[in-house]
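Architecture and fold: a report
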Number of protein chains: 2
Amino acid sequence: MRGKFYGVGVGPGDPELITLKALKILRSVQYIVAPEKQEGKGSIAFDIIKDHITDPHKVISMVFPMTYDAQTLDESWGKAVQKIGALLMEGQDVAFITLGDPMVYSTYIYMMRLLKTYDVEIETIPGITSFCAAASRLGIALGETNETITIVPSAYNHPNLDKILEYSDNVVLMKTAKNFPNTINILERHRLMGKSVFVSKCSHKDEKIIYDLKSLGDEKVDYLSMVITKKGGLK
Amino acid sequence: MRGKFYGVGVGPGDPELITLKALKILRSVQYIVAPEKQEGKGSIAFDIIKDHITDPHKVISMVFPMTYDAQTLDESWGKAVQKIGALLMEGQDVAFITLGDPMVYSTYIYMMRLLKTYDVEIETIPGITSFCAAASRLGIALGETNETITIVPSAYNHPNLDKILEYSDNVVLMKTAKNFPNTINILERHRLMGKSVFVSKCSHKDEKIIYDLKSLGDEKVDYLSMVITKKGGLK
């Protein structure tokens, strides 16, 4: 019998913000795939679960470079799918762990699609997103009554960002690190600086919360960072 | 010493989709407030946690009518805040449970704000949202690469819905129950019917997933329902 492939969301960072279901699966599978950006750099998702896992031998690190280059991605995804596919064919259950939620901007999405050709059972376990964790941490509503909430990946200038800031009530700008000066410019243009807050590494030990976005001007911004903007004010 | 007030997200429905942190707090507090729509109707949030709670005596039901009438809301919120406030003043810790995530369209948001005047410590524990659970269940990405995701409360026609459908890549229409025929009309107008899927009571025992939205025409739609629309197609 073939093994089962799981996508498991491990939440935003705090090891206690993992679900009972995720934990049960991580303990039951034969292999856990921990994605890392660079060989030997370690996996943020694995750091979150490491104290929950009693058998570290079942963890396999796989490299997924942070790039938009299609060829590099195809190669690393292809390698990973082959390795995971081989384990599944042997009848081993494999869990791919992912920071936050597996269906929100994760590498798991591509693994899931590519592994469908292997005709194996696939189950995805949702996780706490960083933006939900940040709203709780800040004590501000992500959305209330009839407010809309828009999540915008902001590693580069998003072509619709002006329109989104015009038509959505609350906006979460994710992965702002590489593009922080532009993000600031756009928020200034929309007069939303006083209605925005910066959060990086939410629920991690080195979490940072900054209300005065200008003060971050030249500082290196962590990859796991976001800006939450609420037109009605931060409440 | 005053008690501490917690907002605890219990997730979308499956009792295993609760976090370790939520469970720890629910077991440690002296009181758990379970919101219900009508006296004696029961609390969906409590149904999710009931098998996790060994001491049912610590659960207090409080009625929060589902209405937009300001006076009715003020009265029910006022009563709830007085009761919870009194317990906190006695030094009791109180957890208010909420379906999904506490910062996404929940009654807890108002409780939290009103209880700030009591000068007590408040902590909010994020939960798995229904839309993340639905995306995992369906095996479709809520957002990938540079796609935007917009959450729209759709109990009534949202004034910006046309613009949101124009400018956002992926849209989640929440609480569509009362407004389902209008939702269908708008999706038809935007030629998005084939790119939309209906999910109700996600991860509950009576979960429903329907790809042919037209087939739901005259059926009574559950309150806990949503439509996920992906312009790039349901994948």
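Let us now look at the pairing of strand β8 (residues 196-200) of chain A. All names here are of chain A. In terms of burial, β8 is a largely internal element, 5 of the 5 residues being buried. Along β8, one buried face is formed by Ser196, Phe198 and Ser200 and the opposite face, lined by Val197 and Val199, is buried too. Relative to strand β10 (residues 225-230), β8 runs antiparallel, the two sharing 5 bridges. The partner of Ser200 across the bridge, within β10, is Ser225. Summarising the sheet, β8 and strand β9 (residues 208-210) pair through 3 bridges and their orientation is antiparallel. Each bridged residue has a counterpart across the sheet, and for Val199 the counterpart in β9 is Ile209.

Bringing the packing of aromatic side chains into the picture now. What characterises a pair of aromatic rings is the spacing of the ring centres plus the angle enclosed by the ring planes. Taken as a whole, this structure holds 13 aromatic pairs over all chains when the rule is applied. A centroid spacing of 5.3 Å and a plane angle of 75° characterise the contact between Tyr68 of chain B and Tyr156 of chain B, whose relative ring orientation is edge-to-face. Here Tyr156 of chain B lies in the loop between β6 (149-153) and α6 (161-167) and Tyr68 of chain B lies in the loop between β3 (59-63) and α3 (70-89), a separation of 88 residues in the sequence. Its relative accessible area of 55% is what places Tyr68 of chain B among the exposed residues. With a relative accessible area of 47%, Tyr156 of chain B lands in the partly exposed category. Grouped by ring-pair contacts, the aromatic residues Phe5, Phe64, Phe96 and Tyr108 of chain A constitute a single cluster.

In low-pLDDT segments, the atomic positions of the prediction should not be examined closely. Of all residues in chain A, 99% have pLDDT values of 70 or greater, and the mean over the chain is 94. Interface confidence in the predicted complex, given as ipTM, is 0.96; pTM for the same model is 0.96.

Glancing now at the relation of the copies chain B and chain A. If you rotate chain B by 180° and push it 0.0 Å along the axis, it lands on chain A with an RMSD of 0.0 Å. Within this description, the copies of the chain are treated as partners about a two-fold rotation axis. In this assembly the copies share their binding face: 98% of the residues contributing to the interface of chain B also contribute to that of chain A.

Moving on, we get to the sheet that holds strand β4 (residues 94-98) of chain A. Strands in a sheet are paired, the pairing made by backbone hydrogen bonds, and the direction either parallel or antiparallel. All names here are of chain A. One open sheet accounts for 5 strands, arranged β3-β2-β4-β1-β5; its pairing is parallel. Each end of this open sheet is capped by a strand with a single partner; those strands are β3 (59-63) and β5 (122-125). Recorded for the sheet is a direction-independent mean angle of 25° between the axes of neighbouring strands. By the bridge criterion, 5 bridges tie strand β2 (residues 31-36) to β3 in an arrangement that is parallel. When the bridges of β3 are listed, Ile32 appears paired with Val59. Helix-sheet contacts for helix α3 (residues 70-89) involve β1 (5-9), β2, β3 and β4, and the interaxial angle to β3 is about 155°.

Moving on: the packing of α3 of chain A against helix α4 (residues 108-115) of chain A. Residues and elements named next belong to chain A. Following both chains from N to C, one finds α3 and α4 inclined at 55°, their axes separated by 10 Å at the closest point. It follows from the interaxial angle that α3 and α4 lie oblique. Judged by the twist between their axes, the crossing of α3 over α4 is right-handed. Residues Trp77, Ala80, Val81, Ile84, Gly85 and Leu88 of α3 form the contact with α4, whose own contacting residues are Tyr110, Met111, Leu114 and Leu115. Taken together, the residues of the contact of α3 with α4 sort by class into 9 nonpolar, 1 polar and no charged.

Another aspect to go through is the pattern of salt bridges. All names here are of chain A. Summed over the entire model, instances satisfying the criterion amount to 18 salt bridges over all chains. For Lys201, the salt bridge goes to Asp206, with nearest N and O atoms at 3.5 Å. When its relative accessible area of 46% is taken as the criterion, Asp206 is described as partly exposed. Each of the salt bridges in this network shares a partner with another, and the network as a whole consists of Lys4, Glu121 and Glu123.

Our focus in this paragraph is the environment of Asn179 of chain B. Residues and elements named next belong to chain B. Mapped onto the fold, Asn179 is located in the loop between β7 (170-174) and α7 (180-189). In this structure Asn179 comes out as buried when scored by relative accessible area, which is 9%. At 2.9 Å, the side chain of Asn179 and the side chain of Asn182 are in polar contact.

Residue and element names in this part refer to chain B. Reading across the sheet, the 5 strands line up as β3-β2-β4-β1-β5 and stay open at both edges, with parallel pairing between neighbours. Edge positions in the sheet fall to β3 and β5 (122-125), since each of these pairs with one other strand and no more. Geometrically, the sheet is characterised by an average inter-axis angle of 25° between neighbouring strands, direction not taken into account. One ladder, built from 4 bridges, connects strand β1 (residues 5-9) with β5; its direction is parallel. Bridging from a neighbouring strand, Val8 pairs with Ile125 of β5. Helix α1 (residues 20-28) contacts β1, β2 (31-36), β4 (94-98) and β5 of the sheet and is inclined by roughly 135° relative to β1. α3 rests against β1, β2, β3 and β4 of the sheet, and its axis sits at about 155° to β3.

Quick look at the interface of chain B and chain A now. With 54 residues of chain B in contact, the opposing surface of chain A contributes 53 residues. Here chain B is connected to chain A by 6 salt bridges. Where chain B packs against chain A, one counts 29 residue pairs in polar contact (both at pLDDT 80 or more). Within the residue set of the side of chain B that touches chain A, elements represented by two or more residues are α1, α4 (108-115), β5, α5 (130-138), β6 and α6 of chain B. In terms of residue count, the dominant contributor to the side of chain B that touches chain A is β6 of chain B (5 residues). Looking at the side of chain B that touches chain A residue by residue, the classes come out as 26 nonpolar, 15 polar and 13 charged. As judged from the 3 bridges shared by strand β6 (residues 149-153) of chain A and β6 of chain B, these two strands associate in the antiparallel manner. Its bridge partner being in β6 of chain B, Ile151 of chain A is matched across the sheet by Ile149 of chain B.

The rules behind these values
Residues numbered from 1 in each chain as written. Chains lettered and ligands numbered in written order. Predicted model: local features only at pLDDT ≥ 70, side-chain atom pairs only at ≥ 80, totals over all residues. Heavy atoms only, no water. Buried < 20%, exposed > 50% of the residue type's maximum accessible area, 1.4 Å probe, protein only. Helix = DSSP H or I, 4+ residues; strand = E, 2+ residues; numbered from the N terminus. Pairing = 2+ DSSP bridges. Phe/Tyr/Trp six-rings, centres within 6.5 Å; stacked < 30°, edge-to-face > 60°. pLDDT = per-residue confidence, 0-100. Least-squares fit on C-alpha atoms with pLDDT ≥ 70 in both. Contact = heavy atoms within 4.5 Å. Axes fitted to C-alpha atoms, helices over the stretch in contact; angles between N-to-C directions. Parallel < 35°, antiparallel > 145°, perpendicular 65-115°, else oblique. Left-handed = near helix turned anticlockwise from the far one by under 90°. Nonpolar A, V, L, I, M, F, W, Y, C, P; charged D, E, K, R; others polar. Salt bridge = Lys/Arg side-chain N within 4 Å of Asp/Glu carboxyl O. Polar contact = N/O pair within 3.5 Å; in protein donor to acceptor, adjacent residues only side chain to side chain.

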